[in-house]
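The chain contents come next:
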Amino acid sequence: MERLEVVCLGESMALFVPAVPGPVHEARDWTLAVGGAESNVASHLARAGFHARWVSALGNDSLGLSVRNRIAGVGVDVSGVRTDPVRPTGLYVKEVSADGSPVRYYRRGSAASGMGPELLASLDVSKTALLHISGITAALSSTCLDLLWAVLALPIRVSFDVNWRPALWTSLDKGVLRELADAADIVFVGDDEAQAVWGVEQPAEIRSLLPNPAEIVIKHGSRGATLLTDSEEVFEAALKVDVVEPVGAGDAFAAGFLAADLNGESVRRRLRRGHLTAAGVLLTTDDLGEPLPEPVVTKLLDADADTWSAAHVTAGGVILP
């Protein structure tokens, strides 16, 4: 049986994290990893059995080679990644905290910022079931914004994660994020993001601003998530998780939700699969983490409300009632 194909388009960077917890300025040893919203989504979808393609641009440098190899190593198709002969691979540095990890980006003039609509000319999407993008790309350059509009004009379902990064928008018109979101088929947005960007946070208010998407997923942090469709509003509480670090959990949630959506699963299962995929990331400082054991996932997907709410995800395993 041929696997469903999903394309995830956006920048990924080399990620440096202190090897020992503590202030960055005191760090002497570092761990090199990869950070990128869209490639994170692609990686989780590849793990879930989809033909996940990551499309982007990297510099002709060692960091670019490391990023490409690490993403390919998870099973993602990187054949659509362009090597820029002039611009470098972007990078960022991350501290680690359960309350939110401060990061500093070094991405101005990166290879990915040079992407534009011409990238689509060499991209075969004839077998693509879904194309995933985010608001981060819109802020990288005017040509990247043009690329997103070109993607949204394709006759393919598009999912759009707002992925609000205030540091990228200090001199840009953030109003374009509403226009991009409203042109997509599936939208992911945190209620805190919606408040920061649009001044609203309630599901009904967000739906009023975005009348066109078939599905809007509103994330409420540790409280849970709400799915708005044309005919219903469904809330699903988040799992209880011993959080080590939250970065990457939103991408994991999106990937879990999209996997269930593409497989035709119920509304509640889509939200639960999102929560379950995110939980594996919340347990680690790594942007991908490890998936929860499949027997646990299978049991919780269709568990009653009491069993779901009583489940506790810890570093030592999942505690079930």
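All values derive from a computational prediction rather than experimental measurement.

Q: Help me out: how do you make sense of the overall build of the protein in this one?
A: Helices and strands together make up the secondary structure of the protein, namely eleven helices and 16 strands. Here the C-alpha atoms of the protein give a radius of gyration of 19 Å, agreeing with the 20 Å that 2.2 N^0.38 yields for 321 residues. If one aligns the C-alpha atoms of the protein with their principal axes, the spans along those axes are about 55 × 50 × 45 Å. The long-range fraction of contacts in the protein, counting pairs at least 24 apart against all pairs at least 6 apart in sequence, stands at 69%.

Q: Whenever I open this one, the sheet that holds strand β2 (residues 13-18) confuses me. Can you help?
A: In a beta sheet, neighbouring strands pair by backbone hydrogen bonds and run either parallel or antiparallel. In spatial order, the strands read β3-β2-β6-β7; together these four strands make up an open sheet with mixed pairing. Bordering the open sheet on either side are β3 (30-35) and β7 (103-106), each of which pairs with just one other strand. Geometrically, the sheet is characterised by an average inter-axis angle of 25° between neighbouring strands, direction not taken into account. Bridge count between strand β6 (residues 91-94) and β7: four bridges; the pairing is antiparallel. Residue L91 lies in a different strand from β7, and its bridge partner there is Y106. On the sheet, helix α2 (residues 62-73) packs against β2, β3 and β6 and is oriented at approximately 65° with respect to β3.

Q: Please clarify how the pattern of salt bridges should be interpreted in this entry.
A: It is possible for side chains of opposite charge to pair when their charged atoms get near one another. Under the counting rule described, the total for this entry stands at 13 salt bridges. For D261, the salt bridge identified is with R270, shortest N-O distance 3.3 Å. With a relative accessible area of 11%, D261 lands in the buried category. In this structure, R269 engages D302 in a salt bridge whose closest nitrogen and oxygen atoms are separated by 2.7 Å. Of the two residues, R269 is situated in helix α9 (residues 267-282) and D302 in the loop between α10 (294-301) and α11 (305-310); the sequence distance between them amounts to 33 residues. Judged by relative accessible area, D302 falls into the exposed class, the value being 53%.

Q: Before we go on, may I ask you to explain the nonpolar core in this structure?
A: As a rule of thumb, nonpolar side chains are buried together in soluble globular proteins. Residues L45, W54, L239 and F257 are the most contacted members of the largest nonpolar core, which totals 51 residues. Among the elements that take part in this core, helix α8 (residues 249-262) stands out by supplying nine residues, more than any other. Of all hydrophobic cores here, the second largest spans 47 residues; its members include L119, A139, L152 and I216.

Q: Before we go on, may I ask you to explain the state of the cysteines in this structure?
A: Each disulfide consists of a covalent bond between the sulfur atoms of two cysteine residues. If you walk through the whole model with that rule in mind, you get zero disulfides. For the unlinked cysteine C8, the closest cysteine sulfur is that of C144, found at 16 Å. Among the residues examined, C144 registers a relative accessible area of 0% and is labelled buried.

Q: Could you clarify how one ought to interpret the side chain of E193 in this entry?
A: Structurally, the position occupied by E193 is in helix α6 (residues 191-198). Despite its burial, E193 pairs with no opposite charge, the nearest such side chain being K219 at 4.7 Å. Here E193 is in contact with V162, N163, W164 and W198, once residues within four sequence places are set aside.

Q: Please clarify how the environment of H220 should be interpreted in this entry.
A: Looking at the secondary structure, you find H220 in the loop between β11 (215-219) and β12 (224-228). C-alpha of H220 to C-alpha of G190: the two residues are 30 residues apart in sequence and 6.1 Å apart in space. Apart from the residues within four sequence positions on either side, H220 is in contact with D191, A225, T226 and F235. At a separation of 2.9 Å, a polar atom in the side chain of H220 contacts the side chain of D191. Polar side-chain contacts of H220 include one of 2.8 Å to the side chain of T226.

Q: What is the right way to look at unusual backbone geometry in this model?
A: Phi is mostly negative for residues that are not glycine, and the peptide bonds are mostly trans. Positive phi, close to 45°, is recorded for N163, a residue that is not glycine. A residue is classified by how much of its surface remains accessible, and N163, at 7% relative accessible area, is buried.

Q: In this structure, what is going on with the pairing of strand β8 (residues 128-134)? I would like to understand it.
A: The side chains of a regular strand alternate between both faces of the sheet. Most of β8 sits inside the fold, with six of its seven residues counted as buried. Summarising the sheet, strand β1 (residues 5-9) and β8 pair through four bridges and their orientation is parallel. Pairing of E5 across the sheet is with T128, part of β8. Looking at chain direction, β8 and strand β9 (residues 158-161) are connected through four bridges and run parallel. Paired with I133 across the strands is F160, a residue of β9.

Q: It is not clear to me how the sheet that holds β12 should be interpreted in this structure. Could you clarify?
A: Pairing within the open sheet is mixed, and its nine strands lie in the order β5-β4-β1-β8-β9-β10-β11-β12-β13. Unpaired on one side and paired on the other, β5 (81-84) and β13 (233-237) mark the two borders of the sheet. Neighbouring strand axes in the sheet, compared pairwise and without regard to direction, differ in orientation by 15° on average. Set on the sheet, helix α4 (residues 142-152) makes contact with β1, β8 and β9; between it and β8 the angle comes to about 150°.

Definitions and limits used
Position numbers for residues count from 1 along each chain, tracking the sequence in the order it is written. Where totals are concerned, whole chains, interfaces and linings use all residues; where local detail is concerned, this predicted model gives features only for residues with pLDDT of at least 70, and gives and counts side-chain atom pairs only at 80 or more. With hydrogens and water stripped out, all remaining heavy atoms of the structure feed into the side-chain values. Comment: elements are numbered from the N terminus, with helices defined as DSSP H or I runs of at least four residues and strands as E runs of at least two. Every radius of gyration here is taken over C-alpha atoms, with the globule rule written as 2.2 Å times N^0.38, N being the number of residues. Contacts are assigned to residue pairs with any non-hydrogen atoms lying within 4.5 Å of each other. In this description, strands pair whenever DSSP reports at least two bridges between them. Every axis in this analysis is a line fitted to C-alpha atoms, fitted for helices over the stretch in contact. Angles between the N-to-C directions lie between 0 and 180 degrees. A pair is scored as a salt bridge if a Lys or Arg side-chain nitrogen falls within 4 Å of a carboxyl oxygen belonging to Asp or Glu. With a 1.4 Å probe rolled over the protein chains alone, any residue whose accessible area is under 20% of its type maximum counts as buried; one over 50% counts as exposed, and the rest are partly exposed. Throughout this description, the term nonpolar core refers to a set of buried Ala, Val, Leu, Ile, Met, Phe, Trp, Tyr and Cys residues connected via side-chain atoms within 4.5 Å. Here, the term disulfide refers to a pair of cysteine sulfur atoms separated by no more than 2.5 Å. By the counting rule applied here, Lys and Arg register as positive and Asp and Glu as negative, while His and the ends of each chain are not counted. In the analysis that follows, any N or O atom pair within 3.5 Å is treated as a polar contact, provided that within protein one partner can donate a hydrogen and the other can accept it, and provided that, for residues neighboring in sequence, both atoms belong to side chains.

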